[in-house]
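Fold and geometry: a report
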Amino acid sequence: MPTIYDIAREAGVSITTVSNILNNKGRFKPETVARVLEAVERLKYRPNFAAKSLAARRTNTVALSALLTSESFDPLNLQYFGAIAQAVSRSGFNFLLQISQDLESFERFAATGICDGWLLMMVRRQDERVALLKELGVPFVSIGRPDEIEGVDVVDTDFAQTARLALEHLLALGHRRIAYLAEPLEFGYSAIRLRAYLAYLKEYGLEGNADLVVETDGTEAGTVRALEALWSKGRAITAIITHDIPALTVLRTLREWGLRVPADISVIGCSDSPLAALADPPLTTINLYVDRIAEAAAEALARRLQEPEAPPAHILIPAQLIVRESTGPAPG
């Protein structure tokens, strides 16, 4: 059975153009409309169930879009998936989880009209899903902040606060040579946290620690390379801040190097993954309140569906420091 994607390819136009023409939205050149309709006839395309749905054009279904990466199914993301599914169901909607390998696969699915609205997760700073859903006119909420948030409903952790919580905890323990392993800076949360961290270093008179910032790709091998890059700087580091999953690799690698945590060096994570309490030693980290984020995002999307013209909501959920055994006083 041909799809709207096949029509777009046959007519040499975008999926958005086909969707708008079939739904009588927007203005297009007569030759473009003719080309699309000819492709519809030639391929014997028939609208799917969503296009024939209720007069209100509602399917009562909401989808969560996440990216297919090596970290897609880490315990923290699975916690998000579950919490969001429950929050969406409590709001009275059916729930779909859509994992996109690339923009094309997301675009094919989004253009079907199966979903009344979308929640976006694992949001990049320049996230093409945001621009596409805007163009399609589909209601959505971004769980995470792209660089351009004008006209976009956003629910996110206050990641600037997570940087302050981590840094102030270590400063209170007497640490002054603090390294930071940043996750990929293409993601909004990582860039926000790093900017805040560098600003706080200046505020606390520790500008020299900016030299101890290294980006990691989040994988085991990438995290080990980042640690080796830090040690190559020849500075005596007493504490490391990073995301929880890289922190597990950091703990293991430091142990292999003969360093004791926290006697020789402290380690703090920034997401309270379900694995954090099971680490050796249990990881000091920051609770992002996944359930609160999920609830706020579901409520924001329900509001957007009910009030399409309402001003966009920008909601930041505060985090909380969870002290465990991986941080201690700076070595003398």
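The structure displayed is predicted, hence computed values, not measured ones.

Mapped onto the elements of the fold, Ser190 is located in helix α8 (residues 188-203). Aside from chain neighbours lying at most four places away, what touches Ser190 is Ala182, Glu183, Pro184 and Leu185.

Within this structure, the stated rule accounts for 18 salt bridges. A salt bridge links Arg260 to Asp264; the shortest N-O distance between them is 2.9 Å. Judged by relative accessible area, Arg260 falls into the exposed class, the value being 53%. On the basis of relative accessible area, Asp264 is assigned to the partly exposed category, the value being 23%. Via salt bridges that share partners, Arg164, Glu168 and Glu203 belong to a single interconnected network.

For the pair helix α1 (residues 4-11) and helix α3 (residues 30-43), the least separation of the axes is 9 Å and the interaxial angle reads 120°. Viewed along their axes, α1 and α3 adopt a mutual orientation that is oblique. As for the relative orientation of α1 and α3, their crossing is right-handed in sense. Where α1 approaches α3, its residues Asp6, Ile7, Glu10 and Ala11 are matched on the opposing element by Arg35, Val36, Ala39, Val40, Arg42 and Leu43.

This part is about the layout of surface pockets. Put simply, the second largest pocket is a space of about 520 Å³. Along the walls of the second largest pocket sit 28 residues, with Asn77, Met122, Glu183, Tyr189 and His243 positioned nearest its centre. Of all the elements in the fold, those that place two or more residues in the lining of the second largest pocket are α4 (75-90), β5 (153-157), α8 and α10 (244-256). With three residues, the top contributor of residues to the lining of the second largest pocket is α4. Within the lining of the second largest pocket, the residues separate by chemical class into 14 nonpolar, six polar and eight charged.

Reading across the sheet, the six strands line up as β2-β1-β3-β4-β5-β11 and stay open at both edges, with parallel pairing between neighbours. With one partner strand each, in any of the chains shown, β2 (94-100) and β11 (314-317) form the two edges of the open sheet. Each neighbouring strand pair of the sheet contributes to a mean axis angle of 20°, computed without reference to strand direction. Along the sheet face, helix α11 (residues 290-306) touches β1 (61-67), β3 (117-120), β4 (140-143), β5 and β11 and points at about 175° away from the line of β5.

For the rest of this paragraph, the subject is the packing of α1 against helix α2 (residues 15-22). One way to put it is that α1 packs onto α2 with a least axis distance of 8 Å and a crossing angle of 105°. The pairing of α1 with α2 is recorded here as roughly perpendicular in orientation. Residues Ile4, Tyr5, Ile7 and Ala8 of α1 form the contact with α2, whose own contacting residues are Ile15, Val18 and Ser19. Taken together, the residues of the contact of α1 with α2 sort by class into six nonpolar, one polar and no charged.

Within this structure, the stated rule accounts for one cavity of 30 Å³ or more. In this structure, the largest cavity spans a volume of roughly 30 Å³. For the lining of the largest cavity, the secondary-structure elements that each account for two or more residues are β6 (178-182) and α8. Along the lines of polarity and charge, the residues of the lining of the largest cavity split into four nonpolar, three polar and two charged.

Ranked by internal contacts, the top residues of the largest apolar core, which has 55 residues, are Tyr80, Ile84, Leu119, Met121, Ile178, Tyr197 and Ile241. Broken down by secondary-structure element, the contributors of at least two residues to this core are β1, α4, β4, α7 (159-172), β6, α8, β8 (239-241) and α11. Considering every element that reaches this core, the biggest residue donor is α11, with ten residues. Apart from the residues within four sequence positions on either side, Tyr80 is in contact with Met121, Thr157, Leu288, Val290 and Ile293. Leu181, Leu227, Leu251 and Val267 belong to the second-largest nonpolar core, a separate cluster that totals 19 residues.

Sheet strands line up and pair through hydrogen bonds in the backbone, either parallel or antiparallel. Spatial strand order, β7-β6-β8-β9: four strands in an open sheet with parallel pairing. A strand with exactly one partner marks an edge of an open sheet, and here the two such strands are β7 (213-215) and β9 (266-268). Along the sheet, successive strands turn relative to each other by an average axial angle of 20°, direction set aside. Sheet analysis places β8 next to β9, joined by three bridges and oriented parallel. What sits directly across from Ile240, in β9, is Val267. Contacts between α8 and the sheet are confined to β6, β7 and β8, with β6 contributing the most and set at about 160° to the helix. Sheet strands touched by helix α9 (residues 220-231): β6, β7 and β8. Its angle to β6, the strand with the most contacts, is close to 150°.

Cut-off values and rules
- Residues numbered from 1 in each chain as written.
- Predicted model: local features only at pLDDT ≥ 70, side-chain atom pairs only at ≥ 80, totals over all residues.
- Heavy atoms only, no water.
- Helix = DSSP H or I, 4+ residues; strand = E, 2+ residues; numbered from the N terminus.
- Contact = heavy atoms within 4.5 Å.
- Salt bridge = Lys/Arg side-chain N within 4 Å of Asp/Glu carboxyl O.
- Buried < 20%, exposed > 50% of the residue type's maximum accessible area, 1.4 Å probe, protein only.
- Axes fitted to C-alpha atoms, helices over the stretch in contact; angles between N-to-C directions.
- Parallel < 35°, antiparallel > 145°, perpendicular 65-115°, else oblique.
- Left-handed = near helix turned anticlockwise from the far one by under 90°.
- 1 Å grid on protein atoms, 1.4 Å probe; cavity = no way out; pocket = protein on both sides within 12 Å on 5 of 7 lines; lining within 4 Å.
- Points joined across faces, edges and corners; volume = space filled by probe spheres on them.
- Nonpolar A, V, L, I, M, F, W, Y, C, P; charged D, E, K, R; others polar.
- Pairing = 2+ DSSP bridges.
- Core = buried A, V, L, I, M, F, W, Y, C linked by side-chain atoms within 4.5 Å.

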